[in-house]
Amino acid sequence: MSGSLMSIGMRAMFANSAQLNTTGHNIANANVQGYSRQDVVLSTAQGQFTGAGFFGKGVNVVDVRRVHDEFLTMQARAARSLASSDTARLGQLSAMEDVFPPGEQGLGYAMGDFFAAMVDLGNSPADTSARQAVLSRASDVANRYTYASNRLDVLAAGVRDDMDNAAKAITSLAQQVADLNDRIAGLRGLEQSPNDLLDQRDGLIAKIGEYAGVTTVNDDGAGTVNLFIGGQPLVVGARSYAVEARPDPVDASRSALYLGGDNGASMLRESTLTGGSLAGLMRFQNKDLVDARNQLGQMAMAFATQVNEAQRLGLDLNEQAGGPLFAVGQPQVLPNATNRRDSSNAFIASVGMSITDATVLQASDYELRADPDNPGAYLMTRLSDGADVALSDTDGDGVWNTDPDQGFTVTIGTPAPAAGESFLLRPVANAAGGMRRVLDDPDGLAAASPFQAAMGASNTGTASVDMLRMTGSTSNRALSTDIAFGTPAADGTVPYTYTNSDGSTGSGTWRAGEPIEINGYALSLNGAPAGGDTVSIAPTLHADTDNGNALAMARLADERMVGRTPGASGSTGGATVTDAYADLMANVGVRVQSARSASSISQAGLTQADNAVLDKSGVNLDEEAARLIQFQQGYQAAAKVLQVAQSIFDTMIQLSR
């Protein structure tokens, strides 16, 4: 009897000792990230049958198990991946917001200063200091465009570095998971859970999830966990695969992710990444950064082109047509890295692009590819919105026009692209980065108009010259014109006839707010002419006394030159350059606010998911302290059982003597 009682006491002491040790382990690891509380699993020992019934034999220690909920852990992992993605994108967008400041530091202010300097030049067209001020303001505009573009380049480089570091971190963590899989599988035969190793593996998987959304598939038979990113295997059993950041085959200035496999590395598409900082970085790189760069380039191209065109239509102090004031980065065509190459590794097929109308250029890149179903035809997609753009070569000269007009033409080289080949067309992405002032001579500013208009001395109407603006390069700059107005009609329109110095004549009807266009210029009037009134237009003889072209360039501040929509009666819509910059700031600001809201929501979701895991698996020190006392008392009671058993055993020995 005493032997049985001693066995029961020893089992009880061992059970309470195991619970004390486990409780102490819980207390020691209470502040360890990812630790799951452990409990001792006990079972009643099989009783022994006697004629008087079954007598119990105490307690057995079955296992030490961690308190773990796989579903809650998966939810927390997914929430962490989403929060990491939103946080990464928010950080990049916040940095990009600083590239486009408001107020005096902004591009809009600099362009406003440039047009204001043009007004000053119009007031004093021969003043050297006014001309120098225009050049200074032009340099400021170009420098701010270049600075903004360079800042975007720095952000892009930072994203590439972050993606490379994240890829290396995932590769290292995946190898550690594979090693733990191997160790855990090796302990499977013991039929006991290696709790601390399981916690370590879960922690590593959670860290991988911070970089990229990961899917887990448990192999219960082996005790291992297989990991997948974007549907491709990252860890299978004790084997892991490497994640690499390589140059994107479409645009080498961006990074693409590749995940190695048994059949070689495969690209991880942005759409397949369900979370993690890499998803946020890729979205910023492939969408937010591209959109901002294209909007900036769209403004730069329109602004520089229109100012240069106005320069070309005027006269400088040397009585010559004005030269370009600005240079911008040229459009770029990037062949896909997978396109055919020759023996020297040069691409076989080539594509070119030329700007035809900077005012209708869209803030977008384009993808051009050969039509697999129609040899000799090509398909184009505007990447900003996924719209299809038709291409046609009506003249058969290899120059393809876009429909609807995108402001550029495409030239297909020889040999032409083959099926499966593609090209990235970037009409405006490099414009701001290559912008600079190229006119250094103040006398080269074309402030004068090639023609001057004068109202007749005997006019009786209220009409006066508002502006004489050149509209094209087809004017005969030696031609004089006399305009005579007829009797006004009841609707307020006034007929007119004109006679040129070469004897040619013509007629038309003047309407308030509409210019009179003759010989490549547009004459705008204030007021209204009366019947018999005249206007004389003659070539400018002294460029230093005329301000017509300076005023025309100053009025570009109000011209909707950015992002016009071409139509049957000419391009419409669009925005002024200052409004376009405001739109750019607003666009970035909206994205920042949206990202901040998304980050706040995902962080709240992560906190909730983590709390759910802690409630289930975390260590509560108050509870552990109470259990410590409980198991201590149990241990002491078991020791008392042993003491009684020993006393009984000693008594029996004495009686036997």
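Residues numbered from 1 in each chain as written. Predicted model: local features only at pLDDT ≥ 70, side-chain atom pairs only at ≥ 80, totals over all residues. Heavy atoms only, no water.

1. Quick look at the sheet that holds strand 5 (residues 215–219)
Item 1. Taken in spatial order, the 4 strands line up as 5-6-7-8 in an open sheet, and their pairing is antiparallel. Pairing within the sheet leaves two strands with one partner each, and these edge strands are strand 5 and strand 8 (239–240).
Item 2. Where strand 5 meets strand 6 (residues 224–229), 5 bridges bridge the pair, whose relative direction is antiparallel. Paired with valine 217 across the bridge in strand 6 is asparagine 226.
Item 3. Against the sheet, helix 4 (residues 128–186) makes contact with strand 6, strand 7 (232–236) and strand 8, and its axis sits at roughly 45 degrees relative to strand 7, the strand it touches most. (Pairing = 2+ DSSP bridges. Helix = DSSP H or I, 4+ residues; strand = E, 2+ residues; numbered from the N terminus. Contact = heavy atoms within 4.5 Å. Axes fitted to C-alpha atoms, helices over the stretch in contact; angles between N-to-C directions.)

2. Focus on the packing of helix 2 (residues 70–97) against helix 4
The axes of two packed helices give the description: the angle between them and the distance between them.
Item 1. The interhelical angle for the contact between helix 2 and helix 4, taken along N-to-C directions, is 165 degrees, at an axis separation of 10 Å. If you check the angle between helix 2 and helix 4, you find them roughly antiparallel. Helix 2 and helix 4 meet at a crossing whose hand is right-handed. Together, Gln92, Ala95 and Met96 of helix 2 and Arg151, Leu152, Leu155, Val159 and Asp162 of helix 4 make up the contact between the two elements.
Item 2. The class makeup of the residues in the contact of helix 2 with helix 4 is 5 nonpolar, 1 polar and 2 charged. (Parallel < 35°, antiparallel > 145°, perpendicular 65-115°, else oblique. Left-handed = near helix turned anticlockwise from the far one by under 90°. Nonpolar A, V, L, I, M, F, W, Y, C, P; charged D, E, K, R; others polar.)

3. Brief notes about the environment of leucine 187
Item 1. Considering the arrangement of structural elements, one finds leucine 187 in the loop between helix 4 and helix 5 (195–211).
Item 2. Residue class for leucine 187 comes out partly exposed when judged on its relative accessible area of 31%.
Item 3. Each C-alpha atom of the pair leucine 187 and glycine 223 lies 9.0 Å from the other, and the pair is 36 residues apart in sequence.
Item 4. For leucine 187, the residues in contact, after removing those within four places along its chain, are Gln192, Pro194 and Leu197. (Buried < 20%, exposed > 50% of the residue type's maximum accessible area, 1.4 Å probe, protein only.)

4. Some words on the nonpolar core
Item 1. Counting 112 residues, the largest nonpolar core has Phe100, Phe114, Tyr145 and Phe303 as the members making the most contacts within it.
Item 2. Among the elements that line this core, the one with the most residues is helix 4, at 22 residues.
Item 3. For phenylalanine 303, the contacting residues outside a window of four places in its chain are Met111, Phe114, Phe115, Val141, Tyr145, Phe326, Met435, Met561 and Val577. (Core = buried A, V, L, I, M, F, W, Y, C linked by side-chain atoms within 4.5 Å.)

5. Points about the pattern of salt bridges
Item 1. Going through the model one piece at a time under the given rule, you end up with 24 salt bridges.
Item 2. Close ionic contact of aspartate 39 with arginine 37 constitutes a salt bridge, the shortest N to O distance being 3.2 Å.
Item 3. Residues joined in a network through salt bridges with shared partners are Arg89, Lys287, Asp288, Asp291 and Arg591. (Salt bridge = Lys/Arg side-chain N within 4 Å of Asp/Glu carboxyl O.)

6. Examining helix 9 (residues 621–656)
Item 1. When the terminal C-alpha atoms of helix 9 are compared, their 52 Å separation across 36 residues agrees well with the 52 Å that a helix rising 1.5 Å per residue should span.
Item 2. Taken together, the buried positions of helix 9 are Glu624, Phe631, Ala638, Leu642 and Ala645. (Expected span 1.5 Å × (residues − 1).)

7. A closer look at the packing of aromatic side chains
Item 1. Throughout the structure, instances matching the rule amount to 9 aromatic pairs.
Item 2. Relative to phenylalanine 303, the ring of phenylalanine 115 has its centre 5.8 Å away and its plane inclined at 75 degrees; by these criteria the two rings are edge-to-face. Here phenylalanine 115, found in helix 3 (residues 107–123), pairs with phenylalanine 303, found in helix 6 (residues 277–313); they are 188 residues apart in sequence, far enough to count as distant.
Item 3. Taken together through their ring pairs, the aromatic side chains of Phe114, Phe115, Phe303 and Phe326 make up a single cluster.
Item 4. Note that arginine 246 overlies the ring of tyrosine 258, its terminal NZ or CZ placed 4.6 Å from the centroid. (Phe/Tyr/Trp six-rings, centres within 6.5 Å; stacked < 30°, edge-to-face > 60°. Lys NZ or Arg CZ within 6 Å of the ring centre and 35° of its normal.)

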